[in-house]
Amino acid sequence: MGTAVVSMQIKDPRYASLFNMGGAAVASRVSILERPPWPIEPTGANQMKVLVPVKRVVDYNVKIRVKADGAGVETANVKMSMNPFDEIAVEEAVRLKEGGKATEVIAVSVGPAQAQETLRTALAMGADRAILVQTDAETQPLAVAKLLKALVEKEGAQLVILGKQAIDDDCNQTGQMLAALLGWGQGTFASKVAPADGSVTVTREIDGGLETVSLTLPAVVTADLRLNEPRYASLPNIMKAKKKPLDIVAPDSLGIDMTPRLKTLKVAEPDKRKAGVRVSDVAALVEKLKIEAKVI
Amino acid sequence: MSILVIAEHDDASLKPATLNAVAAAAKVGGDIHVLVAGLDAQPAAQAAAKVAGVSKVLLAADAAYAHQLPEDVAPLVVSLVKAVGYGHVLAPATSAGKNVAPRVAALLDVQAVSDITGVVSADTFERPIYAGSAIATVHSADAVKVVTVRATAFEAAAGEGGSATVESVAGVDASGLSSFVSAELAKSERPELTSARIVISGGRGMQSGDNFHLLEAVADKLGAAVGASRAAVDAGFVPNDYQVGQTGKIVAPDLYIAVGISGAIQHLAGMKDSKVIVAINKDEEAPIFQVADYGLVTDLFEAVPALASAL
């Protein structure tokens, strides 16, 4: 049998790097043999693409300072990292792929150009490729959910795993909003995720204990603390991540208006509690609680 | 305009956080209606009708709401908002409220406001950001304000004295997106963390889960709930539902006793509104002492048993 030679256009920029073409705008004609040298798109029923949205936030160890003019908190020259709950989400998605339950893990971020670093972290942890919706606008959950919906539909993802909340705005909304907009089920505050054929079983951390629900796939899952312990990216994987595809798109290209719906009027320091007194021993403590504070 | 409060309940009774959400609704101002969605939720609806300030209770009794799954409750709330024209939808910022409110907001195409600690006006709210390191005042111009309410920031509405009417409302078709499998609720003789008058919590200094029995001995004497810091949960000492902090439960009891807890900002965010705070820690530099009314610098393994026997 002879070798079929086909000629095709590379339209998808994420494949460009495989051909050393380097740029997203390159569309060129190349000849290849029999089958393309990139992974073939999954088609089977058990083939699951997982989308993992990640947010770049002020590192959780940084002491937050409120700006003197009350316009917000200081973010200039402050260490930024991936939102810790999103790290857990990336870990879970990568484990699903390693366990043969997922075929591709796509990390997505909505934020400034520097969010590419956050996406590189996700790639170093094991995500296959990344998409940055680049914007300097304030990112509020409803607009982010709309952008994510557009990407989910474009990519044909069957599962979205993201952190239950970002540690900057503490909204805890994006996953639920995305599920609503897509008309999918939601497994929020997950401590266990078990996909099966056509459904995913999610154990959720609720007040007073755990609840397990079964969701029809496709679905959205939000990660809580005990879902897993995220890995540290190894140096070789960090190097490899630099070569993985990272596409940059504009919110406009997805047809989404980023104008914030909530207007922040001011940001202030919380009321400070004053330190009290030291007591010498347990007997003195009990006396203070009984006689002075009258709480026991 | 009237306000719809989504009740948190277990069919038999209302959960206390519902009363705090009603209190926040009273600050917004307007007729307050309470939605009780469940299967056999008549008793909870009757309890809601007695809450001071509530003018109407909407009871949606349907098998689809047996486990109050958000995929089914959210469309019901949306249908009520559209039919009645509510200007506000409020829910307690509990795991149930946080689950359903954003889903409602997205279906209404509005940006929800999470975890408010203050009502400045009907469209302006205060809410903590960065684990309580800052308080943002935010204004919503959306047609419907969908808001979750931090229970500890609002004095509960009286559970007696009201005389609202109870009206049955029709459910909407089941979504078929999700189904309840099981629940594993911690059985405890002790009060719930978020509603306890006294809370005693342990941190990494407890060294093991077994050592939490030292705290339980004190809790039994005081009728207190037992909590933990995130460090203790991360170390596997206790389950996550013990966790007090920004990523766990927010508590504001009359007395909070922090044992072997250093006082990371994450933890402080969950308990600093307690009326009286006691810290027991052998590290006198621990940040917890900066917020404690009474600090005891000593080895907890001596102090806690001594405290139990002194009570």
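Values in this document were obtained by computation on a predicted structure and should not be read as measured data. (Residues numbered from 1 in each chain as written. Chains lettered and ligands numbered in written order. Predicted model: local features only at pLDDT ≥ 70, side-chain atom pairs only at ≥ 80, totals over all residues. Heavy atoms only, no water.)

Trainee: Describe the interface of chain B and chain A, listing the residues and the values that go with them.
Mentor: Contact residues are listed per partner, giving 86 residues for chain B and 74 residues for chain A. Considering only the surface of chain B that becomes buried against chain A, Gln111(B), Tyr130(B) and Tyr294(B) emerge as the three largest contributors, covering 13% of it. Our count for the chain B to chain A interface comes out at four salt bridges. A salt bridge links Asp109(B) to Arg261(A), with the shortest nitrogen-to-oxygen separation between them at 3.1 Å. (Contact = heavy atoms within 4.5 Å. Buried area = accessible area lost by both parts, 1.4 Å probe. Salt bridge = Lys/Arg side-chain N within 4 Å of Asp/Glu carboxyl O.)

Trainee: Go over a nonpolar patch on the surface with me, naming the residues and quoting the values.
Mentor: Residue and element names in this part refer to chain A. A contiguous nonpolar patch, built from Leu 235, Ile 238 and Met 239 and spanning about 290 Å² of accessible area, is present on the exposed surface. Tracing the backbone through its elements, the reader meets Leu 235 in helix α5 (residues 235-241). A residue is classified by how much of its surface remains accessible, and Leu 235, at 59% relative accessible area, is exposed. (Patch = residues over 30% accessible without salt bridge, like charges linked within 9 Å, V, L, I, M, F, W, Y side chains within 5 Å. Areas by Shrake-Rupley, 256 points an atom, 1.4 Å probe, with all protein chains shown as cover. Helix = DSSP H or I, 4+ residues; strand = E, 2+ residues; numbered from the N terminus. Buried < 20%, exposed > 50% of the residue type's maximum accessible area, 1.4 Å probe, protein only.)

Trainee: Report on the packing of helix α3 (residues 141-155) of chain A against helix α4 (residues 174-182) of chain A, specifying residues and quantitative values.
Mentor: Residues and elements named next belong to chain A. Interaxial distance between α3 and α4 falls to 8 Å at its minimum, and their mutual angle equals 50°. Between α3 and α4, the crossing angle belongs to the class labelled oblique. Helix-helix and strand crossings are classified by hand; for α3 and α4 the assignment is right-handed. Within the contact between the two elements, α3 uses Pro 141, Leu 142, Val 144, Ala 145, Lys 146, Leu 148, Lys 149, Val 152 and Glu 153 and α4 uses Thr 174, Met 177, Leu 178, Leu 181 and Leu 182. Of the residues assigned to the contact of α3 with α4, the class counts are 10 nonpolar, one polar and three charged. (Axes fitted to C-alpha atoms, helices over the stretch in contact; angles between N-to-C directions. Parallel < 35°, antiparallel > 145°, perpendicular 65-115°, else oblique. Left-handed = near helix turned anticlockwise from the far one by under 90°. Nonpolar A, V, L, I, M, F, W, Y, C, P; charged D, E, K, R; others polar.)

Trainee: Before we move on, could you go through the packing of aromatic side chains and cite the residues and values that matter?
Mentor: Inspection of every chain in the model, using the stated rule, returns one aromatic pair over all chains. On the basis of an interplanar angle of 80° and a centroid distance of 6.5 Å, the ring pair of Phe212(B) and Tyr242(B) is categorised as edge-to-face. Taken together, the residues Phe212(B) in helix α5 (residues 212-222) and Tyr242(B) in the loop between α6 (230-234) and β14 (255-259) connect sequence positions 30 residues apart. For Phe212(B), a relative accessible area of 2% corresponds to the buried category. The class for Tyr242(B) is partly exposed, based on a relative accessible area of 21%. Just above the ring of Phe189(A) sits the side chain of Lys164(A); from NZ or CZ to the centre is 5.8 Å. Directly above the ring of Phe289(B) sits Arg278(A), whose terminal nitrogen or CZ lies 4.4 Å from the centroid. (Phe/Tyr/Trp six-rings, centres within 6.5 Å; stacked < 30°, edge-to-face > 60°. Lys NZ or Arg CZ within 6 Å of the ring centre and 35° of its normal.)

Trainee: Could you give an account of the sheet that holds strand β12 (residues 198-202) of chain B, with specific residues and numbers?
Mentor: The strand order across the open sheet formed by six strands is β15(A)-β16(B)-β15(B)-β14(B)-β12(B)-β13(B), and the pairing between neighbours is parallel. Bordering the open sheet on either side are β15 (277-278) of chain A together with β13 (225-228) of chain B, each of which pairs with just one other strand. Along the sheet, helix α6 (residues 282-292) of chain A makes contact with β14, β15 (276-281) and β16 (294-297) of chain B, crossing β16(B) at roughly 170°. The sheet strands contacting α5(B) are β12, β13 and β14 of chain B, and the helix crosses β12(B) at an angle near 175°. (Pairing = 2+ DSSP bridges.)

Trainee: How would you summarise the pairing of strand β2 (residues 32-38) of chain B if you had to cite specific residues and measurements?
Mentor: Residues and elements named next belong to chain B. Among the seven residues in β2, seven count as buried, and that is most of the element. Direction of pairing for strand β1 (residues 3-6) relative to β2: parallel, over a ladder of four bridges. Paired with Ile 6 across the bridge in β2 is Leu 35. As a crossover connection, the stretch from β1 through helix α1 (residues 17-28) into β2 is right-handed. With seven bridges connecting them, β2 and strand β3 (residues 54-61) associate as parallel partners. Each bridged residue has a counterpart across the sheet, and for Ile 32 the counterpart in β3 is Val 54. What joins β2 to β3 is helix α2 (residues 42-49), and the crossover it makes is right-handed. (Right-handed = clockwise from strand over helix to strand, strands pointing away.)

Trainee: So what's going on with the packing of helix α3 (residues 70-84) of chain B against helix α4 (residues 95-107) of chain B? Which residues, and what values?
Mentor: All names here are of chain B. The interhelical angle for the contact between α3 and α4, taken along N-to-C directions, is 50°, at an axis separation of 9 Å. It follows from the interaxial angle that α3 and α4 lie oblique. Crossing angle aside, the handedness with which α3 passes α4 is right-handed. Along its contact with α3, which presents Pro 70, Glu 71, Val 73, Ala 74, Pro 75, Val 77 and Val 78, the element α4 presents Asn 99, Val 100, Arg 103, Val 104 and Leu 107.

Trainee: I'd like to hear about the sheet that holds strand β8 (residues 134-140) of chain B, residue by residue, with values.
Mentor: In a beta sheet, neighbouring strands are held together by backbone hydrogen bonds and run either parallel or antiparallel to one another. In space, the four strands of this open sheet follow the order β14(A)-β8(B)-β7(B)-β6(B), with antiparallel pairing throughout. Strands at the two margins of the open sheet, each flanked by one partner only, are β14 (262-268) of chain A together with β6 (118-121) of chain B. Neighbour to neighbour, the strand axes of the sheet diverge by 30° on average, direction disregarded. Sheet topology note: the strand β7 (residues 124-129) of chain B/β8(B) ladder contains six bridges and is antiparallel. By the bridge assignment for β8(B), Pro128(B) is matched with Ile135(B).

Trainee: So what about the UniProt feature "domain: Electron transfer flavoprotein alpha/beta-subunit N-terminal" (unreviewed entry) in chain B? Which residues, and what values?
Mentor: UniProt annotation of "domain: Electron transfer flavoprotein alpha/beta-subunit N-terminal" (unreviewed entry) refers to residues 3-184 of chain B when read in the numbering used here. Annotated as residues 3-184 of chain B, this span is 26% helix and 34% strand, and its ends, taken at the C-alpha atoms, are 33 Å apart. (UniProt positions renumbered as here; feature names shortened; annotations may be inferred.)

Trainee: So what's going on with the environment of Asp168(A)? Residues and values would help.
Mentor: Looking at the secondary structure, you find Asp168(A) in the loop between β8 (159-163) and α4. In this structure, Asp168(A) is in contact with Lys55(A), Arg56(A), Val57(A), Ile129(B) and Tyr130(B), ignoring residues within four places of it in sequence. A polar contact is formed between the side chain of Asp168(A) and the side chain of Lys55(A), at a distance of 3.1 Å. (Polar contact = N/O pair within 3.5 Å; in protein donor to acceptor, adjacent residues only side chain to side chain.)

Trainee: Which residues make up the nonpolar core, and what values go with them?
Mentor: Counting 58 residues, the largest nonpolar core has Val77(B) and Val146(B) as the members making the most contacts within it. Among the elements that line this core, the one with the most residues is α3(A), at nine residues. Residues in contact with Val77(B), not counting those within four places in the same chain, are Leu4(B), Ile6(B), Leu35(B), Val89(B) and Val104(B). (Core = buried A, V, L, I, M, F, W, Y, C linked by side-chain atoms within 4.5 Å.)

Trainee: Give me the lowdown on α4(A), citing residues and values where you can.
Mentor: Every α-helical turn comprises 3.6 residues, leaving residues that sit three or four positions apart pointing alike. Of all nine residues in α4(A), eight are buried, a share of seventy percent or more. Inspection of α4(A) places Thr174(A), Gly175(A), Gln176(A), Met177(A), Leu178(A), Ala179(A), Ala180(A) and Leu182(A) among the buried residues, and these make up the whole buried set. Close packing links the buried residues of α4(A) with α3, β8, β9 (185-196) and β12 (219-223) of chain A together with α4 of chain B. One or two steps after α4(A), the chain reaches Gly183(A), where phi turns positive at roughly 70°.

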